[in-house]
Amino acid sequence: MARILITSGPTRQHLDPVRYLTNASSGRMGTALAQAALEADHDVVIVTGPVDVTYPQRAEVIHVVSTEQMLDACTSVFPHCDGMIAAAAPCDYRPVETARDKLSKTGHPLLLRLVETPDIVAALARTKRPAQWIVGFALETNNEHARAMAKLAKKNCDLIALNGPQAIDSDRNCIKLLDRTGQVLLATEGSKTDVSHGIVRAICQTLIK
Ligand code: C5P
């Protein structure tokens, strides 16, 4: 039995108190992975951005809003876990400044200056103990295999699940699970529930001793 950290959903980076940058992640993949891991008798901690999904009752759930908050929560939780499945889609940019009051219209274009937010997977991988493992996700639209392998190497993941934009806000997914040598451990299409069982099974076979 392993204790698994699952990141899930989008994050938000506020421009002002009412407006934010985000993405279309629903949290459904994180929910399905958590359920599959619990059914395989693992303990699950979910760190999630704002979502409408209902997570399994047996999972511990930590709610965050921004990418920085997701990193802080994961940094606290990860040392007490055996591994991590990074199914979240954290917002990659934040405005240089967040206005304290709501921005008013001026009749002119509004130019936003954005900077990159921290990469949670890459940051946690730098702290990883030898026995700990990380499974990342890569959503790609072109040159998929090569881009997923580059991401796996850059973020120092053990496995990476490659999927496409059809996964967004859908009940279904089509994934390829790649290892560090580029071998396809699993290629499957179906409900996010079925796909998640396949991913958890592959993790058990290759990463959980
Ligand atoms: O670079 P990209 O966002 O495509 O990488 C996807 C993988 O990295 C996913 O596993 C996602 O959860 C993770 N990620 C992260 N922190 C970010 C951006 C992505 O952990 N700021």
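Everything that follows concerns the structure shown earlier in this document.
We now turn to the structure provided with this report. Only a predicted model underlies this, so the values are computations on that prediction, with no experimental measurement involved.

Glancing now at the sheet that holds strand β12 (residues 184-191). What the eight strands build is an open sheet, ordered β5-β4-β1-β6-β9-β10-β11-β12; its pairing is mixed. Pairing within the sheet leaves two strands with one partner each, and these edge strands are β5 (60-63) and β12. Averaged over all pairs of adjacent strands, the angle between strand axes in this sheet comes to 20 degrees, irrespective of strand direction. Alignment of strand β1 (residues 3-8) against strand β6 (residues 83-86), held across four bridges, turns out to be parallel. If you follow Thr 7 over to β6, its bridge partner there is Ala 86. Its contacts with the sheet place helix α1 (residues 28-39) against β1, β4 (43-48), β6, β9 (133-139) and β11 (172-179), and it is angled at close to 165 degrees to β1.

On to a nonpolar patch on the surface, then. A surface patch of nonpolar side chains, about 450 Å² in accessible area, is lined by Tyr 93, Leu 103, Leu 110, Leu 112 and Leu 114. Of note, Leu 103 is situated in the loop between β7 (93-95) and β8 (114-116). Taking relative accessible area as the criterion, Leu 103 reaches 32% and is therefore assigned partly exposed.

Moving on, we get to the environment of Ser 170. Within the secondary structure layout, Ser 170 lies in the loop between β10 (159-163) and β11. In this structure Ser 170 comes out as buried when scored by relative accessible area, which is 18%. Sequence separation of Ser 170 and Ser 191 is 21 residues, and the distance between their C-alpha atoms is 8.9 Å.

In this section: the site of the ligand. Neighbouring residues of the ligand: 13 residues in total, closest Ala 86, Ala 88, Pro 118, Phe 137 and Lys 151. The side chain of Lys 155 places a nitrogen or oxygen atom 3.1 Å from an oxygen atom of the ligand. In isolation the ligand offers 450 Å² of accessible surface; the protein chains occlude 87% of this area. Going through the elements one at a time, α3 (120-125) and β9 are the ones with two or more residues in the shell around the ligand. Among the residues forming the shell around the ligand, the class breakdown is seven nonpolar, two polar and four charged.

Now for the environment of Asp 101. With respect to the helices and strands, Asp 101 occurs in the loop between β7 and β8. C-alpha of Asp 101 to C-alpha of Val 18: the two residues are 83 residues apart in sequence and 8.9 Å apart in space. Residues within four places of Asp 101 in sequence aside, it is in contact with Asp 16 and Pro 17.

So, about the pattern of salt bridges. Between side chains of opposite charge, a pair can form when the charged atoms approach closely. Per the counting criterion, the structure on display carries eight salt bridges. With a shortest N-O distance of 2.4 Å, Asp 119 and Lys 155 are connected by a salt bridge. Taken as a pair, Asp 119 in the loop between β8 and α3 and Lys 155 in the loop between α4 (144-154) and β10 lie far apart in primary sequence, 36 residues in all. You can call Asp 119 partly exposed: its relative accessible area is 30%. Close ionic contact of Glu 140 with Lys 151 constitutes a salt bridge, the shortest N to O distance being 2.7 Å. On the criterion of sequence distance, the pair formed by Glu 140 in the loop between β9 and α4 and Lys 151 in helix α4 is long-range, its members being 11 residues apart. For Glu 140, a relative accessible area of 6% corresponds to the buried category. Residue classification places Lys 151 among the partly exposed residues on the basis of a relative accessible area of 29%.

How each quantity is defined
- Residues numbered from 1 in each chain as written.
- Predicted model: local features only at pLDDT ≥ 70, side-chain atom pairs only at ≥ 80, totals over all residues.
- Heavy atoms only, no water.
- Pairing = 2+ DSSP bridges.
- Helix = DSSP H or I, 4+ residues; strand = E, 2+ residues; numbered from the N terminus.
- Axes fitted to C-alpha atoms, helices over the stretch in contact; angles between N-to-C directions.
- Contact = heavy atoms within 4.5 Å.
- Patch = residues over 30% accessible without salt bridge, like charges linked within 9 Å, V, L, I, M, F, W, Y side chains within 5 Å.
- Areas by Shrake-Rupley, 256 points an atom, 1.4 Å probe, with all protein chains shown as cover.
- Salt bridge = Lys/Arg side-chain N within 4 Å of Asp/Glu carboxyl O.
- Buried < 20%, exposed > 50% of the residue type's maximum accessible area, 1.4 Å probe, protein only.
- Near = heavy atom within 4 Å.
- Polar contact = N/O pair within 3.5 Å; in protein donor to acceptor, adjacent residues only side chain to side chain.
- Nonpolar A, V, L, I, M, F, W, Y, C, P; charged D, E, K, R; others polar.

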